[in-house]
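In case you want the letters, here they are:
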Amino acid sequence: MVKIGLFLLGFLCFLLAVLAEVGLGLSLSLGGVATTDRATPGLGIRMLALIDAGLAWTLLLMAIDFIRPMSAVARVQGIVTLILSFFGVLGGIVLIFTTLALIMLMISLLLAFPFGTLAYLAAWGDFPKGLARAALGLIMVLKLLGALFLVLASPSLLKNKGLVVLLLFSIGSTFLTGLLIAFVPAFVAAIADAIGALISAILGTIWLLVMLIGAIFAVIRAIRSLAPG
């Protein structure tokens, strides 16, 4: 029971991290000065949820199997994972190209002195670096606690290469986003934030693609197991 409790605490920490990424990212957007409908401050934080939603779903599946492994449930899990990961990959691809377009727009405006630069500064020049770093700090604490609880629950999870890679994606992208925002001047922090968002979108889409491929094989195996003879 202790191991199950620690595992569920780890899952809860990552679930709270996803909620914080969405909620705090939107709070920064609503509190920012950006008026363009293309993007607002906090994009990098919100995009982290693309990775961590996949991580939370993976942990949920592991928790279900950990508590009560059932072949029937496993077949349903494969189908649900297939559907979610398919639409997740499509959404991730869209996010990658829209974020890349946003970065190009920001840089183009910034370099188009004087009117483009003024337009850039009016839309993205007052990025709330302090609030973004505080939000990322809270999210990082949740993730580190979540990873600690998972290891305490079952040290053998470290042998699960897929889970370890996903944890590294999650924690590493959070650290990188904070680093990008922290070490640039405030007037270009929005560009750094968008670059962090692009990296997270790419990593999240890669993992969702891996989940999609795994789900396809899982569904094929389930169909074959039900076939007569």
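Calculation rules
Throughout, a residue's number is its position along its own chain's written sequence, starting from 1. At least 70 in pLDDT is required for a residue's local features to be given in this predicted model, at least 80 for side-chain atom pairs to be given and counted, and no such filter applies to totals for whole chains, interfaces and linings, which use all residues. Side-chain measures here rest on the full set of heavy atoms in the structure, leaving out hydrogens and waters. Each nonpolar core is a collection of buried residues, namely Ala, Val, Leu, Ile, Met, Phe, Trp, Tyr and Cys, held together in the definition by side-chain atoms within 4.5 Å. For every residue, the accessible area obtained with a 1.4 Å probe (protein chains only) is divided by the maximum for its type, and the residue is called buried under 20%, exposed over 50%, and partly exposed between those limits. Secondary structure follows DSSP: runs of H or I at least 4 residues long count as helices, runs of E at least 2 residues long count as strands, and numbering of each begins at the N terminus. Any pair of residues with heavy atoms lying within 4.5 Å of one another is described as a contacting pair. An arc is given here, and it is the one of the directions from the helix axis to the C-beta atoms. Salt bridges are defined by distance alone: a side-chain nitrogen of Lys or Arg within 4 Å of a carboxyl oxygen of Asp or Glu. On a range of 0 to 100, pLDDT expresses the predictor's confidence in each residue. Multiplying 1.5 Å by the residue count of a helix minus one yields the expected span of that helix. A pair of Phe, Tyr and Trp rings is counted when the ring centres sit within 6.5 Å of each other, with Trp represented by its six-membered ring. The angle between the planes then sorts it: under 30 degrees is stacked, over 60 is edge-to-face, the rest tilted.

A separate point is the nonpolar core. With 52 residues, the main nonpolar core has Phe-7, Leu-59, Met-106 and Tyr-120 as its most contacted residues. If you list the elements that add at least two residues to this core, you get helix H1 (2-31), helix H2 (43-67), helix H3 (71-111), helix H4 (115-124), helix H5 (129-153), helix H6 (161-182) and helix H7 (189-226). Per element, the largest residue contribution to this core is 12 residues, and it comes from H7. Dropping the residues within four chain positions of it, Tyr-120 is found in contact with Met-106, Leu-109, Leu-110, Gly-125, Phe-187, Val-188, Ala-190 and Ile-191.

Moving on to H4. Buried within H4 are the following residues: Gly-116, Thr-117, Tyr-120, Ala-123 and Trp-124. With its buried residues spanning 135° around the axis, H4 presents them on a single face. With respect to the buried face of H4, the exposed residues turned more than 90 degrees away are Phe-115, Leu-118 and Ala-122.

Within this structure, the stated rule accounts for 2 salt bridges. Measuring nitrogen to oxygen at the nearest pair gives 3.2 Å for the salt bridge that ties Lys-143 to Glu-21. Taken together, the residues Lys-143 in helix H5 and Glu-21 in helix H1 connect sequence positions 122 residues apart. It is possible to trace a salt-bridge network through shared partners that takes in Glu-21, Asp-52 and Lys-143.

Next up on the list: the confidence of the model for the protein chain. A residue-level look at the protein chain finds 86% of positions with pLDDT of 70 or above and a mean pLDDT of 84. Counting contacts from residues 31-39, a segment whose pLDDT is below 50, to residues more than four positions away or on other chains yields 14 contacts.

Turning our eyes to something else, we now look at the environment of Leu-198. With respect to the helices and strands, the residue Leu-198 is situated in helix H7. Taking the C-alpha atoms as reference points, Leu-198 and Thr-177, 21 residues apart in sequence, are found 10.0 Å from one another. Aside from chain neighbours lying at most four places away, what touches Leu-198 is Ile-96, Thr-99, Leu-100 and Ile-103.

Given a rise of 1.5 Å per residue, 25 residues ought to cover 36 Å, and the 36 Å separating the end C-alpha atoms of H5 matches this to within 8%. Within H5, burial applies to Lys-129, Ala-132, Ala-135, Leu-136, Ile-139, Met-140, Leu-142, Lys-143, Gly-146, Ala-147, Leu-150 and Ala-153.

Along the polypeptide, Leu-167 turns up in helix H6. Assessed through its relative accessible area of 13%, Leu-167 is described here as buried. In sequence terms Leu-167 and Ala-147 are 20 residues apart; their C-alpha atoms lie 7.6 Å from each other. Leave out the neighbours within four places in its chain, and Leu-167 touches Phe-14, Leu-55, Leu-150 and Gly-172.

Under the defined criterion, the tally for this structure stands at 2 aromatic pairs. When the centroid spacing of 5.3 Å and the interplanar angle of 80° are considered together, the rings of Phe-86 and Phe-87 count as edge-to-face. Seen from their ring centres, Tyr-120 and Trp-124 are 5.8 Å apart, and the 45° between their planes marks the pair as tilted. Pair noted here: Tyr-120 and Trp-124 are both in helix H4, with a separation of 4 residues, about one helical turn. The pair formed by Tyr-120 and Trp-124 is uniform in burial state, with each residue classed as buried.

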